[in-house]
Amino acid sequence: MDVREPEEERVDVREVDASGLPMDQAQGVVLDELRALAERAVPFAAILLMPAPPEGRTPPPSGTSAPDRVRTLKSIRPGLTAYCRGLAFVAPADIPAERARTIHSGEKLWGCPTTATQDVTAARAWAEERAGT
């Protein structure tokens, strides 16, 4: 009888650096990258480097409204639930309360576990742990 150990699930760990972009563009880049990762149908964990909050309030350009981002997230959530093993957000301490709630809403919003930190090394370690590497 041939008895084999089950193959371990291979989990990609990806880093998405949106830290140098304006917030509206950063959110779009992150959602686009998460969509691409989910569509690959391969388990993954992601480190998401987010920008500092903008000085003052500026309206986002058309096409990147909050309802658009919510629709995008809803459309990719099934793929995140199926393939994402964790999202590690790296964000400055002075992010607005609304962004902090979004980041910390975890499986309820994103469909997978999340964490937030100001430390890239800690985010990488958390994502690698979630990936089992």
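The preceding data block contains the structure.
Remember, it's a predicted structure, so these values are computed and weren't measured experimentally.

Quick notes on helix 5 (residues 120–131)
Next, step 1: For helix 5, which comprises 12 residues, the first-to-last C-alpha distance of 16 Å matches the rise-based estimate of 16 Å (1.5 Å per residue) to within 8%.
Next, step 2: What helix 5 keeps buried is the set Ala123, Ala127 and Ala131. Angularly, the buried residues of helix 5 cover 70° about the axis, an arc narrow enough to put them on a single face. What points out from helix 5, more than 90 degrees from its buried face, is the exposed set Thr121 and Glu129.
Next, step 3: Where the residues of helix 5 are buried, they touch strand 1 (12–17), strand 2 (44–49), strand 3 (84–90) and strand 4 (114–117).
Next, step 4: The N-capping residue of helix 5, defined by a side-chain oxygen 3.0 Å from the backbone nitrogen of Thr121, is Asp119.

A closer look at the pairing of strand 3
Next, step 1: The buried fraction of strand 3 is high, at 7 of 7 residues.
Next, step 2: Taken together, the 6 bridges between strand 2 and strand 3 define a ladder with parallel strand orientation. Paired with Leu48 across the bridge in strand 3 is Phe89.
Next, step 3: With 4 bridges connecting them, strand 3 and strand 4 associate as parallel partners. Looking at the pairing, Val90 lines up with Thr117 of strand 4.

Examining the packing of aromatic side chains
Next, step 1: Considering all chains together, one arrives at 1 aromatic pair under this definition.
Next, step 2: Measuring from ring centre to ring centre gives 5.4 Å for Phe89 and Trp110, while their planes differ by 50°; the resulting arrangement is tilted. Here Phe89 is found in strand 3, whereas its partner Trp110 is found in helix 4 (residues 106–110), with 21 residues between them in sequence. Comparing Phe89 with Trp110, the two get one shared label, buried.

As for the environment of Ala52
Next, step 1: Secondary-structure assignment places Ala52 in the loop between strand 2 and helix 2 (66–83).
Next, step 2: The exposure class of Ala52 is partly exposed, given its relative accessible area of 48%.
Next, step 3: The sequence separation of Ala52 and Ala91 amounts to 39 residues, and the corresponding C-alpha distance is 6.9 Å.

Cut-offs used in this document
- Residues numbered from 1 in each chain as written.
- Predicted model: local features only at pLDDT ≥ 70, side-chain atom pairs only at ≥ 80, totals over all residues.
- Heavy atoms only, no water.
- Helix = DSSP H or I, 4+ residues; strand = E, 2+ residues; numbered from the N terminus.
- Expected span 1.5 Å × (residues − 1).
- Buried < 20%, exposed > 50% of the residue type's maximum accessible area, 1.4 Å probe, protein only.
- Arc of directions from axis to C-beta.
- Contact = heavy atoms within 4.5 Å.
- Polar contact = N/O pair within 3.5 Å; in protein donor to acceptor, adjacent residues only side chain to side chain.
- Pairing = 2+ DSSP bridges.
- Phe/Tyr/Trp six-rings, centres within 6.5 Å; stacked < 30°, edge-to-face > 60°.

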